[in-house]
Amino acid sequence: LYLNSSTYENIRFSIAPAPAIEYNFFPYFQSTRRQLRFLYRMNFVTRRYREETIYFKTYENLWKEGLSVTLEVKEKWGTISTSLEGSNYLHDFNRNRLELWGELSLRIFKGLNFNIYGSGSRIRDQLNLAKGAGTSLEEVLLRRKQLATGYNYYFSVGLSYTFGSTSSRVVNPRFGNGSQSISISF
């Protein structure tokens, strides 16, 4: 279940129940060390917008589907993770998004890791963009309003410290992971 409210994304309120089916290629007893997960999700998205959108909408009810393939391998020296995710709205298959990300986490000592992370997205699903006279540079820099874009990319290098009952990033290996950590990125 996703709940969202964002001035940046022009969303007053959004709720999206998202039932999913997941299959891990590796047996469950190996899931703390390695996973190759396929996840299919179907969302019913209800949105109320802060301002009228470029498509002349103040609210919408939409169906959205997504498929992701994620590989995670954990060894004594660290972790490698990568994922390819795609999604689209069912009313218009041209409204879609494709994302690829990867992470390398090298263990320095128990709990402390050196991380390299990168991601890139092709974006064609910005139904929430506000119609209006324009967006100022200040609004963009302060992340008050979102601009139309066809791509997004990100890269970081940093340190993280993972703590809890185990230092494992994989507490419940199904539907992603659930670790607590402190990160410093550059």
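Residues numbered from 1 in each chain as written. Predicted model: local features only at pLDDT ≥ 70, side-chain atom pairs only at ≥ 80, totals over all residues. Heavy atoms only, no water.

A.B. asks: Help me understand the overall build of the protein in this model?
C.D. replies: When helices and strands are counted, the protein shows 1 helix and 10 strands. Overall, the protein shows an N-to-C arrangement of helices and strands of β-β-β-β-β-β-β-β-α-β-β. Buried positions account for 31% of the 186 residues belonging to the protein. Across the protein, every contact between residues at least 6 apart in sequence was considered, and the portion connecting residues at least 24 apart equals 54%. (Helix = DSSP H or I, 4+ residues; strand = E, 2+ residues; numbered from the N terminus. Buried < 20%, exposed > 50% of the residue type's maximum accessible area, 1.4 Å probe, protein only. Contact = heavy atoms within 4.5 Å.)

A.B. asks: Is there a simple way to explain the nonpolar core in this structure?
C.D. replies: Across soluble globular proteins, you tend to see nonpolar side chains buried next to one another. Core analysis: the biggest nonpolar cluster contains 7 residues, these being Ile11, Ala16, Val45, Tyr49, Leu62, Tyr89 and Leu127. Where this core is concerned, the elements lending two or more residues are strand S2 (11-16) and strand S4 (34-49). Ignoring sequence-local partners within four residues, the contact set of Leu62 consists of Asn43, Phe44, Val45, Arg47, Tyr89, His91 and Leu127. (Core = buried A, V, L, I, M, F, W, Y, C linked by side-chain atoms within 4.5 Å.)

A.B. asks: Before we go on, may I ask you to explain the environment of Thr58 in this structure?
C.D. replies: Following the sequence through the fold, Thr58 ends up in the loop between S4 and strand S5 (59-75). The exposure class of Thr58 is partly exposed, given its relative accessible area of 44%. Put simply, Thr58 and Ala130 are 72 residues apart on the chain and 9.6 Å apart in space, counted from C-alpha to C-alpha. Among residues more than four places away in sequence, those in contact with Thr58 are Arg47, Arg48, Tyr49 and Glu52.

A.B. asks: Please explain the packing of aromatic side chains as it appears in this structure.
C.D. replies: The description of an aromatic ring pair uses the distance of the two centres, along with the angle that the planes make with each other. This structure, assessed with the given rule, holds 5 aromatic pairs. An angle of 5° between the planes, with centres 6.0 Å apart, marks the rings of Tyr151 and Tyr153 as stacked. Tyr153 sits in the exposed class, given a relative accessible area of 61%. (Phe/Tyr/Trp six-rings, centres within 6.5 Å; stacked < 30°, edge-to-face > 60°.)

A.B. asks: Would you mind going over the pattern of salt bridges with me for this structure?
C.D. replies: Throughout the structure, instances matching the rule amount to 7 salt bridges. Between Lys145 and Glu51 there is a salt bridge, with its nearest N and O atoms 3.4 Å apart. A residue pair is termed long-range when its members are at least 10 positions apart, and Lys145 in the loop between helix H1 (137-141) and strand S9 (151-163) and Glu51 in the loop between S4 and S5 qualify at 94 residues. Judged by relative accessible area, which is 33%, Glu51 ranks as partly exposed. Three or more residues joined by partner-sharing salt bridges are found here, namely Glu22, Arg37 and Glu72. (Salt bridge = Lys/Arg side-chain N within 4 Å of Asp/Glu carboxyl O.)

A.B. asks: Before we go on, may I ask you to explain unusual backbone geometry in this structure?
C.D. replies: Glycine aside, residues mostly have negative phi angles, and peptide bonds mostly take the trans form. Although it is not a glycine, Asn10 adopts a positive phi angle of roughly 60°. Take Asn10: its relative accessible area is 5%, and that puts it in the buried class. Located in the positive-phi region is Phe56, a residue other than glycine, with phi close to 65°. Structurally, Phe56 can be placed in the loop between S4 and S5. We classify Phe56 as exposed; its relative accessible area is 58%.

A.B. asks: Could you clarify how one ought to interpret the environment of Gly132 in this entry?
C.D. replies: Structurally, Gly132 is set in the loop between strand S8 (112-123) and H1. It is 8.4 Å that separates the C-alpha atoms of Gly132 and Thr53, two residues lying 79 residues apart in sequence.

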